[in-house]
Amino acid sequence: MGKHYRPAGKKKEGNAAKYVTRTQAIRLLQISLPLFRKLCILKGITPREPKKKFKGNDKTYYHVKDIAFLHHEPLLEMHRAIRVHERKIKKAEAKKNVERANRLREKTPKPKIDRIIRQRYPRFVDALGELDDCLTMVHLFATVPATKEKKIDVDLIHKCRKLAHEWQAFIARTHRLRKTFVSVKGIYYQAEVEGQTITWLTPHALQQVVPDDVDIPTMLNFLQIYQPLLGFVNFHLYHSINLKYPPLLDPELEAEAAVYGLIRYAQSNNKPTILETSELVESEQLESKQDGPEIQNKKSELRLAQLQHQLPSNEPGALMHLVEKAAGEDGEEYDDETKQCKNLFQNVKIFLSREVPRESLHFVIPAFGGMVSWEGEKAPFAETDQSITHQIVDREAQGHRFLSREYVQPQWVFDCVNARIILPTENYMVGRIPPPHLSPFVDYGEEGSYVPDYAKTIKHLQAAARKEVLPLPGVEKDLEDPQNLLAEGIIDRAAANQAAKEKQKLMILEKQYHEDLKKELQGATYTSAGSTEVIQTGESLNNGQANIDDVDMAELVMPNKKRKLLKAMEISNQRKQSKNDTIIRRKKKLDEAQNQRS
């Protein structure tokens, strides 16, 4: 009887039961703010915006269930164990016990990210869909300098470069690259892998400077999950084409052209390296001692045939004169778009000068079926090779010019890739101002969009490559009148007469439909014979209805919702048109200024 019961607190309802602030979440988990941010990045937990939020409240909210999952996360216990271990290291260093401190530092527990990756991406398609930011981050850290102040380690940079080269080698080997665009920020690439469109950005091959206002610790937290994610993706992709992972690469070739070396390794179709070849030869010699002379000859011929088809042609000293693998002997099945990309540079042999962006061209040219070489000891062919069709240069001063090849600027390669045809090299010759580098991510065929002149030229070149006949400039407006096309000789007389009859019939039906709408608005009814009887007299028409012939009848009978949508579309088209007019005016001014200078 003497017991006092504490009354239960008020039950939370609404946003208080569904969301918690960041401060409340940190107190519940009993961790620091940097560790909370790191866990949210690794687990993919993002802030939520409540539906009913108080005005002037700038707090960051998280869902209660997300914080509950973090509370039972094994990674949280691992970080707590790491924090305790770091305290032991500091204690040993304070006591000047160097051996114990080094021993503890070697045994520092490391968190495992593979379990988190399996939770976040249960299917491989899910991982491919989230690969855009991953590839951009990995390619970025592959070019930044190593600094102790920013905690950017050399091993981290080497690992990012290795992962980036492996990804590019797979894309080039399977011819999955679709678009590329060189901008001020860097080089954009777009590929299609297993039905997923992946777009990433790579920085230019220049010396990178890490500014002080960039949050490097947060980027390193993202990289902590992006590195194993890209590693798992590369592992799955390489095994999907029957290649061992990680791929082997000649260390001497890695310094000159790492991507090209990996591509050649992939084209060798998981063939044995030099060490494996020597082991095969030794095993053959041992077997030859035990067998008769006829069996020895058959086995040696079989082994020689295997070596001819298995050794990669780019590895030094590996019986390169026996390897003559022709293109297209893979036996792989590609779709139409992949076949088109694979055969774009099929008959093109390109040599790169030392001043051009070598790494990007090593990736793009083989991805579209071309052969590429450069100045170096491990280059596939020398600059003096007479079979070279194009040489990519970016400086006017050239020592010796070969008349059997064409000297073009690097933009020619990227424009050919986007246009899917071999463009004429006249506009890309050294010393000339190249044509505008059009973005493949812009749809110039959209209604109301501005179409540059060079885009029209490329369109006609593509039609000529497909052996199609496009209407001449100025004929597009005459497509509505078949008689004009007949006068130009584009269609025959029978087709012109048929089109004229169809157009006349449609005009009669449209006119009759508008007349019926006007009669219905005026309150009259009509019979099938065309006679009308007034059954209801409407109110006096206002001044606006007097000019009803000038009003679009379809808009008058349109529902209110569709009418608003139509007005929004008209406003959008007007904005596009004004933007296009501004571009045209600027282009006209530039042309006038150039004419005055000339």
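Above this text is the structure in question.
Residues numbered from 1 in each chain as written. Predicted model: local features only at pLDDT ≥ 70, side-chain atom pairs only at ≥ 80, totals over all residues. Heavy atoms only, no water.

Draft legend 1. View of the side chain of H139. With respect to the helices and strands, H139 occurs in helix α9 (residues 131–141). On the basis of relative accessible area, H139 is assigned to the buried category, the value being 5%. From its side chain, H139 meets the backbone oxygen of L135 in a polar contact 2.7 Å long. When residues no more than four places from it in sequence are discounted, the contact partners of H139 are A164, W167, Q168, W200, L201, T202 and P203. (Helix = DSSP H or I, 4+ residues; strand = E, 2+ residues; numbered from the N terminus. Buried < 20%, exposed > 50% of the residue type's maximum accessible area, 1.4 Å probe, protein only. Polar contact = N/O pair within 3.5 Å; in protein donor to acceptor, adjacent residues only side chain to side chain. Contact = heavy atoms within 4.5 Å.)

Draft legend 2. Expanded view of the nonpolar core. F36, F141, W167, F345 and W412 are the most contacted members of the largest nonpolar core, which totals 93 residues. Considering each element in turn, this core owes the most residues, 11 residues, to helix α11 (residues 216–240). (Core = buried A, V, L, I, M, F, W, Y, C linked by side-chain atoms within 4.5 Å.)

Draft legend 3. Focus on the packing of helix α3 (residues 33–43) against α11. Packing of α3 against α11 leaves a shortest axis separation of 9 Å and a crossing angle of 35°. Like other packed secondary-structure pairs, α3 and α11 cross with a definite hand, here right-handed. Counting all contacts with α3, which are made through K38, I41 and L42, the residues of α11 involved are T218, N221, F222, Q224 and I225. Its residues placed into classes, the contact of α3 with α11 shows 4 nonpolar, 3 polar and 1 charged. (Axes fitted to C-alpha atoms, helices over the stretch in contact; angles between N-to-C directions. Left-handed = near helix turned anticlockwise from the far one by under 90°. Nonpolar A, V, L, I, M, F, W, Y, C, P; charged D, E, K, R; others polar.)

Draft legend 4. Highlighting the packing of aromatic side chains. All told, the structure shown has 11 aromatic pairs when counted by the stated rule. A ring pair is formed by Y188 and F441, whose centres lie 6.5 Å apart and whose planes are at 70°; its orientation type is edge-to-face. Taken together, the positions of Y188 in strand β4 (residues 187–193) and F441 in the loop between α17 (411–419) and α18 (453–465) put the pair 253 residues apart, joining distant regions of the chain. Relative accessible area serves as the criterion here: at 23%, Y188 is assigned to the partly exposed category. (Phe/Tyr/Trp six-rings, centres within 6.5 Å; stacked < 30°, edge-to-face > 60°.)

Draft legend 5. Structural detail: the environment of K107. Position of K107 among the secondary structure elements: in the loop between α6 (98–106) and α7 (114–120). Sequence separation of K107 and H85 is 22 residues, and the distance between their C-alpha atoms is 9.0 Å.

Draft legend 6. Expanded view of the pattern of salt bridges. Per the counting criterion, the structure on display carries 15 salt bridges. With its nearest N and O atoms 3.5 Å apart, the salt bridge here joins D66 to R48. Here the residue D66 occupies a position in helix α4 (residues 64–71), and R48 occupies one in the loop between α3 and β2 (61–63), the gap between them amounting to 18 residues. We classify R48 as partly exposed; its relative accessible area is 37%. A salt bridge links D453 to K587; the shortest N-O distance between them is 3.1 Å. Of the two residues, D453 sits in helix α18 while K587 sits in helix α23 (residues 560–597), which places them 134 residues apart along the sequence. Members of the salt-bridge network, linked through shared partners, are K43, E73 and R115. (Salt bridge = Lys/Arg side-chain N within 4 Å of Asp/Glu carboxyl O.)

Draft legend 7. Seen up close, the state of the cysteines. Applying the stated rule across the entire model yields 0 disulfides. Left without a disulfide partner, C134 is nearest to the cysteine sulfur of C160, which lies 9.3 Å away. The class of C134 is buried, set by a relative accessible area of 0%. (Disulfide = S-S within 2.5 Å.)

Draft legend 8. The arrangement of the sheet that holds β4 in detail. Pairing is antiparallel in the open sheet, where 3 strands are placed in the order β3-β4-β5. Both edges of this open sheet fall to β3 (177–182) and β5 (196–202), since each of them pairs with a single strand only. Put simply, the sheet's adjacent strands are angled 15° from each other on average, direction ignored. Taken together, the 5 bridges between β3 and β4 define a ladder with antiparallel strand orientation. Bridge pairing links K179 to Q190 in β4. Here helix α10 (residues 154–174) sits on the sheet in contact with β3, β4 and β5, set at roughly 60° to β4. (Pairing = 2+ DSSP bridges.)

Draft legend 9. Structural view of the sheet that holds strand β7 (residues 371–373). Strand order in the open sheet formed by 4 strands is β7-β6-β8-β9, and the pairing between neighbours is parallel. Bordering the open sheet on either side are β7 and β9 (406–408), each of which pairs with just one other strand. When the angles between neighbouring strand axes are averaged without regard to direction, this sheet yields 25°. By the bridge criterion, 3 bridges tie strand β6 (residues 349–352) to strand β8 (residues 390–392) in an arrangement that is parallel. Considered in β8, the bridge of L352 is made with I392. The strands touched by helix α16 (residues 358–367) within the sheet are β6, β7 and β8, with β6 carrying the most contacts at an inclination of about 175°.

Draft legend 10. Up close: the pairing of β4. Counting buried residues in β4 gives 5 out of 7 residues, a clear majority hidden from the surface. Across 7 bridges, the pairing between β4 and β5 is antiparallel. Paired with Q190 across the bridge in β5 is T199. Between β4 and β5, which pair antiparallel and follow one another directly, the connecting turn spans 2 residues, one of which, E194, has a positive phi of 50°.

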